[in-house]
Amino acid sequence: MIKKATPHLTQNEPLVFERSSPGKNGYQLPALDVPPVDAAAVLGADNTRTEIEDFPEVSEVDAIRHFTRLSTYNYAIDLGLYPLGSCTMKYNPRVNEAVARIDGLTWIHPYQPDALSQGAMEIIAALEAALIEITGMDAVTLQPAAGAHGEFTGILLVRALHESRGNARKRILIPDSAHGTNPATARMAGYEVANVPSNDRGMIDLAALEKLCDEDTAALMVTNPNTLGVFEQDITRIAEILHAKGAMVYMDGANMNALVGIARPGDFGVDVMHLNLHKTFSTPHGGGGPGSGAVAVKSHLVPFLPSPRLERSGNAWRWNYDLPQSIGKVRAFYGNFGVLVRALAYILAHGGPGLRNATLDALLNANYIRAKLEPYYEHPHKAPTMHECVFSDALQAKHGVRTGDIAKRLIDYGFHPYTVSFPLIVHGAMMIEPTETEGKIELDLFIDAMISIAEEAEREPDTVLHAPHSTRTSRVDEVTAARKPIVRWKPPQKV
Ligand SMILES: *Cc1c(COP(=O)(O)O)cnc(C)c1O
């Protein structure tokens with residue numbers, strides 16, 4: 001009945017410490033032919049040791065098999081579809097990795113003098129220029145390390161602009177469908193948050209926005225398309241409402257995968273936005289790995305951008321630190337350079353028409369999934385879908401099966417779960433973003449799995465309620481796992 005062909009390996013692999021046996025090792029070194037250094041004399045006796053207690057002693061093949069088996073417990077984009085909505089988990093083309101591994105790029109050091117860093121600076125400049133073209137904005141900083149960090153940087157820019165005009169203002173307006181990082185950002189930048197309600201089509205309620213927006217409003221933070229996968233069709237009117245009160249429009253650009261090559265935020269009234277390069281422009285992400293939250297601004301915010309700024313001087317690039325109105329540095333050096341290289345490789349490998357095609361394919365895939373699943377799952381907001389679609393578990397909840405249960409059951413079918421219970425305005429949300437990289441065969445497998453689970457929820461809800469059945473561990477106490485994680489192995493007490 002289960003059609004997807006990637007069973008989980010369920011070998012009961014012990015910890016590497018448990019594989020250890022005294023005297024085994026995985027290396028052979030020639031005998032030391034220089035006088036040994038007395039480490040204790042150099043570093044101090046307190047800082048040196050001759051033995052590492054309970055250090056695992058294993059052979060090369062033991063180590064390789066151990067880590068290879070562990071790797072099979074993981075799900076990866078190279079194994080299959082990763083339908084996490086809002087995350088844009090697309091396949092990462094290998095050419096990005098090949099480029100990022102070029103010797104001159106992997107060995108470069110940020111303290112190298114400008115004269116020896118011109119190639120790397122050219123990469124940064126080329127990426128800035130490409131992102132300006134894609135967003136329709138006037139300038140870009142690549143310093144922020146992730147989307148949330150880009151939001152924080154962007155709102156600090158807004159604050160600096162208002163301060164330069166004599167009043168930092170008090171409040172940031174945020175739609176109720178927003179990602180949690182938006183209100184967190186506003187608070188961290190010292191602003192109050194006011195919630196803007198959505199209408200029944202899943203868009204900002206204009207009348208409510210007009211009421212809320214006043215001279216104390218610093219900015220609106222809007223995700224477009226929003227987290228329901230719906231394009232805010234009144235965005236230019238929204239921008240007019242904000243601008244009439246001297247407030248800024250901040251766009252959370254995490255969903256730019258739906259717009260690249262089609263529409264530019266700079267053309268529909270946005271003053272400042274971030275891009276998640278690790279989403280829209282590929283590069284592996286998840287689990288807190290490196291990202292890049294590039295921030296793009298219109299000209300009135302340029303003087304406040306983080307320092308240093310890259311500038312052309314004669315035939316060379318140089319870093320300009322002499323920026324009296326800058327908010328200062330937001331990160332060491334110039335951003336996550338490896339991610340920047342991958343994003344530029346992605347953009348150049350696709351070219352303009354290729355990027356536009358990727359967007360259209362992402363939209364097509366999401367709409368295909370929505371149309372196929374609509375008979376089986378409730379689709380609460382009846383607006384056209386962009387690059388992702390949001391269902392609710394209302395039909396399955398009648399049998400006691402909730403979004404989290406369906407997500408767990410997907411694991412048995414060989415898929416990573418979709419995004420569970422977000423956005424918050426959809427009760428029992430199931431948020432699905434296939435991205436453009438999935439072909440029809442993979443999409444159909446996923447759709448079959450979802451339909452099959454909907455049928456199970458009706459006929460044999462227990463199968464879904466106790467899923468996953470095919471993994472090494474089944475359900476864990478997620479709250480305790482998140483709040484009190486035990487991330488360090490300790491040797492068993494010696495007796
Ligand atoms: C992912 C995401 C963010 C945060 O980006 P990070 O890179 O994870 O910090 C913010 N808003 C939306 C809508 C997102 O999807």
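Because the structure is a prediction, the values reported are computed rather than measured.

Conventions used here
Residues numbered from 1 in each chain as written. Predicted model: local features only at pLDDT ≥ 70, side-chain atom pairs only at ≥ 80, totals over all residues. Heavy atoms only, no water. Domains from an automatic or database assignment. Helix = DSSP H or I, 4+ residues; strand = E, 2+ residues; numbered from the N terminus. Expected span 1.5 Å × (residues − 1). Contact = heavy atoms within 4.5 Å. Salt bridge = Lys/Arg side-chain N within 4 Å of Asp/Glu carboxyl O. Buried < 20%, exposed > 50% of the residue type's maximum accessible area, 1.4 Å probe, protein only. Pairing = 2+ DSSP bridges. Axes fitted to C-alpha atoms, helices over the stretch in contact; angles between N-to-C directions. Near = heavy atom within 4 Å. Polar contact = N/O pair within 3.5 Å; in protein donor to acceptor, adjacent residues only side chain to side chain. Areas by Shrake-Rupley, 256 points an atom, 1.4 Å probe, with all protein chains shown as cover. 1 Å grid on protein atoms, 1.4 Å probe; cavity = no way out; pocket = protein on both sides within 12 Å on 5 of 7 lines; lining within 4 Å. Sits in = over half its atoms within 2 Å of the grid points. Nonpolar A, V, L, I, M, F, W, Y, C, P; charged D, E, K, R; others polar. Phe/Tyr/Trp six-rings, centres within 6.5 Å; stacked < 30°, edge-to-face > 60°. Lys NZ or Arg CZ within 6 Å of the ring centre and 35° of its normal. Points joined across faces, edges and corners; volume = space filled by probe spheres on them. Patch = residues over 30% accessible without salt bridge, like charges linked within 9 Å, V, L, I, M, F, W, Y side chains within 5 Å.

Draft legend 1. How the structure looks around the domain arrangement of the protein. Domain boundaries assigned for the protein yield domain 1 (16-71), domain 2 (94-348) and domain 3 (352-481). Relative placement of domain 1 and domain 2: their C-alpha centres are 45 Å apart.

Draft legend 2. Region of the structure containing helix 15 (residues 440-459). Here helix 15 spans 28 Å end to end across 20 residues, near enough to the 28 Å set by a 1.5 Å rise per residue. Close packing links the buried residues of helix 15 with helix 12 (337-373), helix 13 (394-397), helix 14 (403-412), strand 12 (429-432) and helix 16 (461-465).

Draft legend 3. Structural detail: the pattern of salt bridges. In the structure shown here, the tally under the stated rule is 23 salt bridges. Between E460 and R459 there is a salt bridge whose closest N-O contact spans 3.5 Å. Judged by relative accessible area, which is 31%, E460 ranks as partly exposed. With relative accessibility at 56%, the residue R459 sits in the exposed group. Bridged by salt links that share partners, the residues E13, R19 and R69 form one connected network.

Draft legend 4. Spotlight on the sheet that holds strand 4 (residues 217-223). The mixed open sheet is built from seven strands, whose spatial order is 1-7-6-5-4-2-3. The open sheet has two edge strands with one neighbour each: strand 1 (139-141) and strand 3 (192-196). Each neighbouring strand pair of the sheet contributes to a mean axis angle of 25°, computed without reference to strand direction. As judged from the three bridges shared by strand 2 (residues 171-175) and strand 4, these two strands associate in the parallel manner. Looking at strand 4, one finds that L173 is bridged to L220.

Draft legend 5. Region of the structure containing helix 6 (residues 118-135). Relative to the 26 Å expected for 18 residues at 1.5 Å per residue, helix 6 spans 25 Å between its end C-alpha atoms, a close match to the ideal helical length. Within the sequence span of helix 6, burial applies to A120, M121, I123, I124, A125, L127, E128, A130, L131, I134 and T135. G136 lies just past helix 6 and shows a positive phi near 75°.

Draft legend 6. Expanded view of the site of the ligand. For the ligand, the set of nearby residues contains 13 residues, the closest of which are S86, G147, D252, H278 and K279. Contact distances for the ligand include 2.7 Å between an oxygen atom and a side-chain N or O atom of S86. Within the contact set of the ligand, an oxygen atom lies 2.7 Å away from a backbone nitrogen or oxygen of G147. Notes on the ligand: free accessible area 380 Å², of which the protein chains cover 85%. Taking a 2 Å distance to the grid points as the criterion, the majority of the atoms of the ligand fall inside the second largest pocket. Contributing elements (two or more residues each) for the shell around the ligand: helix 7 (147-164) and helix 11 (277-280). In terms of residue count, the dominant contributor to the shell around the ligand is helix 7 (three residues). Across the shell around the ligand, the residue classes break down as three nonpolar, seven polar and three charged.

Draft legend 7. Highlighting the packing of aromatic side chains. Applying the stated rule across the entire model yields eight aromatic pairs. A centroid spacing of 5.6 Å and a plane angle of 55° characterise the contact between Y75 and Y82, whose relative ring orientation is tilted. According to the relative accessible area criterion, Y82 is buried, its value standing at 14%. Between F333 and Y334 the ring centres are 6.3 Å apart and the planes differ by 55°, which places this aromatic pair in the tilted class. Members of the aromatic cluster, joined through ring pairs, are Y111, W319, F333 and Y334. Geometry around Y191 places R159 over its ring, the cationic atom sitting 4.8 Å from the centre. Across from the ring centre of W317, 4.6 Å away, lies the NZ or CZ of R312, which sits over that ring.

Draft legend 8. Seen up close, empty space enclosed by the protein. Under the criterion given, the structure shown has four cavities of 30 Å³ or more. In terms of lining residues, the largest cavity is bounded by I124, E128, T141, L142, Q143, P308, R309, L310, W319, F333 and Y334. Of all the secondary structure elements, the ones that give two or more residues to the lining of the largest cavity are helix 6 and strand 8 (309-313).

Draft legend 9. Fine view of a nonpolar patch on the surface. Nonpolar side chains collect at one region of the surface, where V37, V42 and L43 lie side by side and expose about 330 Å² of accessible area between them. Within the secondary structure layout, L43 lies in helix 2 (residues 39-43).

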